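# Reading the structure
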Amino acid sequence: MAAGGPRLPDTVLFEIFLYLDHADVLSVGLVCQQWRAVARDEFLWKELFYRYYRVSRDVPRHPAAVSWYDEFQRLYDTIPCVEVQALKEHNDQVLHLSFSHSGCLFASCSKDCTVKIWSNELDISLQHSSNMRPYNWSYTQFSQFNSDDSLLLVSGVFVGPHNSSSGEIAVISMENFTLLSRVRNKPYDVFGCWLNETNLISGNLHRIGRITSCSVLWLNNAFQGIESENVNVVKRLFKIQNLNASTIRTVMVADCSRYDSPDLLLDYEEQLAASSTCPVFDLGSDSEEEEPKPKQPPEPAIQELPDAGGVPAEDGLQQFFDDIMEGRMRPAMTETELETKVAELFVRNRTKPPESNLLPTDSNSKTKYLIFTTGCLTYSPHQIGIKRILPHQMTTAGPVLGEERRSDEFFDSLDHVIDIHGHIIGMGLSPDHRYLYVNSRAWPRDCVISDPMQPPPIAEEIDLHVFDLKTMKEVKRALRAHRAYTPNEECFFIFLDVSKDFVASGAEDRHGYIWDRHYNICLAKLQHDNVVNSVAFSPVEQELLLTASDDTTIKVWRSPRAVRIRQARRPRPRKLLFSWLMNQKS
């Protein structure tokens, strides 16, 4: 069938594809001859691809694809959408999942206050369970393996005196599952994360006023109980002022060393420039009119923070108080507005300036970014803060309070801020740490926040934004499909995960979702009986995905191709021997 000649209807072609995918093509005679012609028709498969998957025609083919037929088959056959196992060992809501870097183990956290370690073999099985109730924990909420998979960081909610709750981080050895150390973590939704093989980051919160506070981020040695008599086991990293009831939460670390050799470039022009040895040609730019695009919500604002110079704090603060006493402040300020204004003036000249030239200049850079949610208008997290971690800060050696500070460097400033204009409910890094994916629920377009304790209403539709950490710019349009229903004051984190080609997320609509990172399309919905809190791809096999739900189960999903391969590996019963044995019994 020559390109440009008469073409079969899309539905017929797809039925042929499905049939031949499961049939012995050598036995179908005439159809097989027709199929060879169809499979060679690139124009036809491109048409079918764009129409069936509803991909915009300005999106080029995946840079690693050999043909449009192979690309069609990839999206049909390699999505982990077949449920192969349901794990029911937890007896309460399952909140989080994390794989080891080798893919051999994964951990699960739950409201039943256990962290369970699972072995990822032919059939997944439980290897160990640690109950954290003896340490006054209410539940476990997050876990992360260190880079060599020898240690597991587990974060949970700790119940202290008078039933006050904050967070705590435990470090568990993977050699014998012993508890090595415990670190206080406040607020509990800082979660915590590894900076390197033996050092982890935790948080603390100090109240300054009713809606003003200071977040301190600490670097901790994982072996505190063993090494505390000989070396420093803790060091202050950063001290950041919070305004309008905001706090720092959800910390994670991005490694800049792989930015120049990412697994997948999401900018199409950059893809073309990077593929000069293997150019990608647009074979099908036709004159079909595109449907009018709906109006998009305002794009997240990415801002470099200004220097902390200007009017000296003392002069500005004194002038402000003089204006109040002499009645020059109109209109009258509320108590909340007054506290925020005083805090802003006080901190103006007591903050260390941001690092210059934030973007890494070479691929061998040892720079790491500390990424976290924060805010400036209300308590709900609506901004992403980025702070560079320099090489000398990556160890607990040196003074506990860090390098000596001048009086005008009492606080640390953020190096970069991304304003999301909505409530952030999830973040995840691509495997190469080049891209940051952010789940958020948008605020109304022109909303005004007059009271930090009353944030705007949030949308039920979840937006999944993508940011390039090399350029600090948003790339692509926000992904959509998943939904959430809880209001601001009850909103909780929904964990997402990113593989080389896919991104997945949970949702409150009882489904997990999978999108293709290159084409920006939703590929699968994975059903549960309740809220899906967390998803996790195997880091060595993106055709394996786990989902965790409030229905107390962990579901294991594999691609159709992986299911066929695993079934072929299983020993099949020998029918002749079975028949002979049955005849002997009779």
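Residues numbered from 1 in each chain as written. Predicted model: local features only at pLDDT ≥ 70, side-chain atom pairs only at ≥ 80, totals over all residues. Heavy atoms only, no water.

If you trace the backbone, asparagine 196 turns up in the loop between β10 (193-194) and β11 (199-207). Remark: the alpha-carbon pair of asparagine 196 and serine 147, spanning 49 residues in sequence, is separated by 6.9 Å. Residues in contact with asparagine 196, not counting those within four places in the same chain, are Lys368 and Met394. A polar side-chain atom of asparagine 196 sits 3.0 Å from the main-chain carbonyl oxygen of methionine 394. (Helix = DSSP H or I, 4+ residues; strand = E, 2+ residues; numbered from the N terminus. Contact = heavy atoms within 4.5 Å. Polar contact = N/O pair within 3.5 Å; in protein donor to acceptor, adjacent residues only side chain to side chain.)

Right, let's get into the sheet that holds strand β30 (residues 541-549). Pairing is antiparallel across the open sheet formed by four strands, whose spatial order is β1-β31-β30-β29. In this open sheet, the two edge strands, each paired with only one partner strand, are β1 (82-87) and β29 (532-538). Strand after strand, the sheet turns through a mean of 25° between neighbouring axes, direction not considered. Sheet analysis places β29 next to β30, joined by six bridges and oriented antiparallel. When the bridges of β30 are listed, serine 534 appears paired with alanine 548. Sitting on the sheet, helix α9 (residues 560-569) touches β1, β30 and β31 (554-558), and the angle it makes with β31 is about 85°. (Pairing = 2+ DSSP bridges. Axes fitted to C-alpha atoms, helices over the stretch in contact; angles between N-to-C directions.)

Another point: the packing of aromatic side chains. Applying the stated criterion across every chain yields a total of 19 aromatic pairs. With 4.9 Å between their ring centres and 55° between their planes, phenylalanine 49 and tyrosine 519 make a pair best called tilted. Placement of the pair is phenylalanine 49 in helix α3 (residues 42-53) and tyrosine 519 in the loop between β27 (511-516) and β28 (521-527), with a sequence separation of 470 residues. Take phenylalanine 49 and tyrosine 519: they sit in the same class, and that class is buried. Ring pairs connect the aromatic residues Trp45, Phe49, Tyr50, Tyr52, Tyr53, Trp68, Tyr69, Phe72 and Tyr519, which therefore count as one cluster. A cation over a ring is seen here: arginine 184 above phenylalanine 158, with NZ or CZ 4.3 Å from the ring centre. (Phe/Tyr/Trp six-rings, centres within 6.5 Å; stacked < 30°, edge-to-face > 60°. Buried < 20%, exposed > 50% of the residue type's maximum accessible area, 1.4 Å probe, protein only. Lys NZ or Arg CZ within 6 Å of the ring centre and 35° of its normal.)

The subject of this paragraph is the UniProt feature "repeat: WD" (unreviewed entry) in the chain. Feature annotation in UniProt places "repeat: WD" (unreviewed entry) on residues 87-119 and 525-557, given in this structure's numbering. What you have in residues 525-557 is 0% helix and 70% strand, and the ends, taken at the C-alpha atoms, are 11 Å apart. (UniProt positions renumbered as here; feature names shortened; annotations may be inferred.)

Next up on the list: the pattern of salt bridges. Applying the stated criterion across every chain yields a total of 18 salt bridges. Close ionic contact of arginine 51 with glutamate 47 constitutes a salt bridge, the shortest N to O distance being 3.5 Å. A residue pair is termed a helical-turn pair when its members lie 3 or 4 positions apart in one helix, as arginine 51 and glutamate 47 do in helix α3 at four residues. For glutamate 47, a relative accessible area of 4% gives the class buried. Ionic pairing is found between arginine 74 and glutamate 71, a salt bridge with its closest N-O pair at 2.9 Å. On the criterion of helical spacing, the pair formed by arginine 74 and glutamate 71 is a turn pair, its members being three residues apart in helix α4 (residues 68-77). Neither residue differs from the other here; arginine 74 and glutamate 71 are each classed as buried. Each of Glu47, Arg51 and Arg57 takes part in a single network of salt bridges with overlapping partners. (Salt bridge = Lys/Arg side-chain N within 4 Å of Asp/Glu carboxyl O.)

Moving on to the packing of α3 against α4. Between α3 and α4, the least distance of the axes is 8 Å, while the angle of their chain directions is 30°. By the angle between their directions, the pair α3 and α4 is classed as roughly parallel. Facing α3, whose interface residues are Glu42, Trp45, Lys46, Leu48, Phe49, Tyr50, Tyr52 and Tyr53, α4 presents Trp68, Tyr69, Glu71, Phe72, Leu75 and Tyr76. Taken together, the residues of the contact of α3 with α4 sort by class into 11 nonpolar, no polar and three charged. (Parallel < 35°, antiparallel > 145°, perpendicular 65-115°, else oblique. Nonpolar A, V, L, I, M, F, W, Y, C, P; charged D, E, K, R; others polar.)

Relative to the 16 Å expected for 12 residues at 1.5 Å per residue, α3 spans 16 Å between its end C-alpha atoms, a close match to the ideal helical length. Along α3, the positions that sit buried rather than exposed are Leu44, Trp45, Lys46, Glu47, Leu48, Phe49, Tyr50 and Tyr53. (Expected span 1.5 Å × (residues − 1).)

Before going further, it helps to spend a moment on unusual backbone geometry. Put simply, lysine 186 and proline 187 share a cis peptide bond, and its omega is -5°. In this structure, proline 187 sits in the loop between β9 (179-185) and β10. A positive phi is found at histidine 433, a non-glycine position, where the angle reads about 65°. In this fold, histidine 433 is placed in the loop between β21 (422-429) and β22 (435-442). Taking the relative accessible area as the measure of exposure, histidine 433 reaches 23% and is therefore partly exposed. The backbone phi angle of asparagine 520 is positive, close to 60°, even though this residue is not glycine. Mapped onto the elements of the fold, asparagine 520 is located in the loop between β27 and β28.

Glancing now at the sheet that holds strand β3 (residues 105-110). Strand order in the open sheet formed by four strands is β2-β3-β4-β5, and the pairing between neighbours is antiparallel. Among the strands making up the open sheet, the edge pair consists of β2 (94-99) and β5 (125-131). Between one strand and the next, the sheet's axes are offset by a mean angle of 20°, whatever the strand orientation. Direction of pairing for β2 relative to β3: antiparallel, over a ladder of five bridges. Looking at the pairing, valine 94 lines up with serine 110 of β3.

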